[in-house]
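Coordinate analysis (summary)
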Number of protein chains: 2
Amino acid sequence: MILPSKTVERLSQYRRVLQKYQYLSEPYIFSHDLAKLLRIKPVQVRRDLMLMGISGNYRNGYRVTDLLASINTTLTFPKSQFATIIGMGNLGQSLLKHISTNPECPVSVKAVFDTNPKYFNHQILGIDCYDITRLPEMIKKLNIKIAILCLVSEDIQTIIDILNDSGIKGIVNYIAGPIRVPDHIYFKEYDIRTTLDEMSYFISQ
Amino acid sequence: MILPSKTVERLSQYRRVLQKYQYLSEPYIFSHDLAKLLRIKPVQVRRDLMLMGISGNYRNGYRVTDLLASINTTLTFPKSQFATIIGMGNLGQSLLKHISTNPECPVSVKAVFDTNPKYFNHQILGIDCYDITRLPEMIKKLNIKIAILCLVSEDIQTIIDILNDSGIKGIVNYIAGPIRVPDHIYFKEYDIRTTLDEMSYFISQ
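What counts as what
- Residues numbered from 1 in each chain as written.
- Chains lettered and ligands numbered in written order.
- Predicted model: local features only at pLDDT ≥ 70, side-chain atom pairs only at ≥ 80, totals over all residues.
- Heavy atoms only, no water.
- Pairing = 2+ DSSP bridges.
- Helix = DSSP H or I, 4+ residues; strand = E, 2+ residues; numbered from the N terminus.
- Axes fitted to C-alpha atoms, helices over the stretch in contact; angles between N-to-C directions.
- Salt bridge = Lys/Arg side-chain N within 4 Å of Asp/Glu carboxyl O.
- Buried < 20%, exposed > 50% of the residue type's maximum accessible area, 1.4 Å probe, protein only.
- Contact = heavy atoms within 4.5 Å.
- Buried area = accessible area lost by both parts, 1.4 Å probe.
- Least-squares fit on C-alpha atoms with pLDDT ≥ 70 in both.
- Parallel < 35°, antiparallel > 145°, perpendicular 65-115°, else oblique.
- Left-handed = near helix turned anticlockwise from the far one by under 90°.
- Nonpolar A, V, L, I, M, F, W, Y, C, P; charged D, E, K, R; others polar.
- Arc of directions from axis to C-beta.

**A look at the sheet that holds strand β9 (residues 186-189) of chain A**
All names here are of chain A. Ordered in space as β5-β6-β4-β3-β7-β8-β9, the seven strands form an open sheet in which the pairing is mixed. Each edge of the sheet is formed by a strand with only one pairing partner; in this case those strands are β5 (122-124) and β9. Averaged over all neighbouring strand pairs, the angle between strand axes comes to 25°, with direction disregarded.

Okay, structure coming up:
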């Protein structure tokens, strides 16, 4: 059974809370404690966990180690997917560092790309950096499935089209700007401009 | 009338599309063209614009300049809110650059903060950088209402509490980790770890 997208998102968040919680002396956690930490309703936590076939008991709640093991089995193993970061400016390098130094991250960055020749055939934080024109070749060769876009470019749509043709299955876009992504690609946008527009609107009311 | 959050988000996106569109020779745009560019349904576009009191006509659609003017009036004016970025690593500096070089951005960064003494009382991209211990003082003094968190810290919850006590009304968090934010603060999380967990799950199915 494929879980709903929102459930997977919350499982990822439960895991993060539980990873910290496991170092406390308390071997059990109640759904309302988990819910409180994530600012959601306890019934939501119970429903999500039930979808994985787990139910707690009224007296003790859920055993933390069991819960963690189940979530780990349901979500993919660490470093099981290959990713690339496109654009090695400040933002790209900061994400590369964040992902490579995090042992639990589900992806492993196999190569990075930029348009600046000074990076070509050099390593950045131990990862090979290539000319962006080599995207189709290297993505297929290295079996990369996830692309993280950190490049300010007028040709961003061309890059999306190349990624699609090269077999990329998921894209995270950090660059503001309307782009067309085919439906079969899992797509997520982190758009600071829209967020700031929203925030300014609501705090001005 | 306060617009729904999702409508405001889409207004921001319509504006971005229209800003590009206005340089084309076509003075009108149809709701289905706007919808297609943003991968939503035309009826959604028409509903959002009707909430602002705008309706197009069947023959020509909407006049681009009128639409842009209305959205500009509805959303806040450029640089009308004061913001800060906390954490001047690669990520913080890249966001500072992105926001300060974008004339349409609704916020103006008035100060930045870090824990590293090498930055104290220096300017980064023309903006004063302060010791993070001066957060409560400077936020009040400079009338800052939005905080963008780019700091990896064990004490992130303490920082959130300080921001709340200092009168911050909106927080964008780039740092993974469960934090508790009071309900009266407008809060948005850009969490690459959860996104990658979700993406890895779905493309592995």
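**Considering the pattern of salt bridges**
Per the counting criterion, the structure on display carries eleven salt bridges over all chains. With its nearest N and O atoms 3.3 Å apart, the salt bridge here joins A:K6 to A:E9. In this pair, A:K6 and A:E9 are both assigned in helix α1 (residues 5-21), three residues apart and thus about one turn of the helix distant. A salt bridge links B:D197 to A:R15; its shortest N-O distance comes to 2.8 Å. Of this pair, B:D197 sits in helix α8 (residues 192-204) while A:R15 sits in helix α1, placing the two residues on different chains. Judged by its relative accessible area of 6%, A:R15 falls in the buried class.

**Digging into the interface of chain A and chain B**
On the chain B side, the residues contacting the 65 residues of chain A number 64 residues. Here chain A and chain B share an interface that buries about 6100 Å² over both sides, 63% of which is from carbon and sulfur atoms. When the area that chain A buries against chain B is broken down by residue, the three leading residues are A:R16, A:R193 and A:Y201, summing to 12%. The tally of links between chain A and chain B comes to four salt bridges.

**Some remarks on the relation of the copies chain A and chain B**
By a simple turn and slide, chain A fits onto chain B: the slide is 0.0 Å along the axis, the RMSD is 0.0 Å, and the turn is 180°. Between the two chains, the operation in question is that of a two-fold axis. Residue by residue, 98% of the interface of chain A is reproduced at the interface of chain B, so both copies engage with the same surface.

**Considering the sheet that holds strand β4 (residues 107-114) of chain B**
Residue and element names in this part refer to chain B. Reading across from one edge, β5-β6-β4-β3-β7-β8-β9 is the order of the seven strands in this open sheet, with mixed pairing throughout. The two strands at the open ends of the sheet, each matched to only one other strand, are β5 (122-124) and β9 (186-189). With strand direction ignored, the average angle separating the axes of adjacent strands in the sheet is 25°. The sheet contact formed by strand β8 (residues 170-173) and β9 spans four bridges and is parallel. Bridging from a neighbouring strand, I171 pairs with F187 of β9. Lying on the sheet, helix α7 (residues 156-165) is in contact with β3 (81-86), β7 (146-149) and β8; it crosses β7 at an angle near 170°.

**Considering the packing of α1(A) against helix α4 (residues 64-74) of chain A**
All names here are of chain A. Closest axis-to-axis distance for the α1/α4 pair is 10 Å, and the angle between their directions is 140°. By the angle between their axes, α1 is oblique relative to α4. Like other packed secondary-structure pairs, α1 and α4 cross with a definite hand, here left-handed. Touching L11, Y14, R15, L18, Q19 and Y21 of α1 are V64, L67, L68, I71, N72 and T74, all from α4. For the contact of α1 with α4, the class distribution of residues is eight nonpolar, three polar and one charged.

**Observations regarding α4(A)**
All names here are of chain A. Within α4, the full set of buried residues consists of V64, L67, L68 and I71. Viewed along the axis of α4, the buried residues span an arc of 100°, placing them on a single side of the element. On its buried face, α4 sits against α1, β1 (28-29), α2 (31-38), α3 (42-51) and β2 (62-63).

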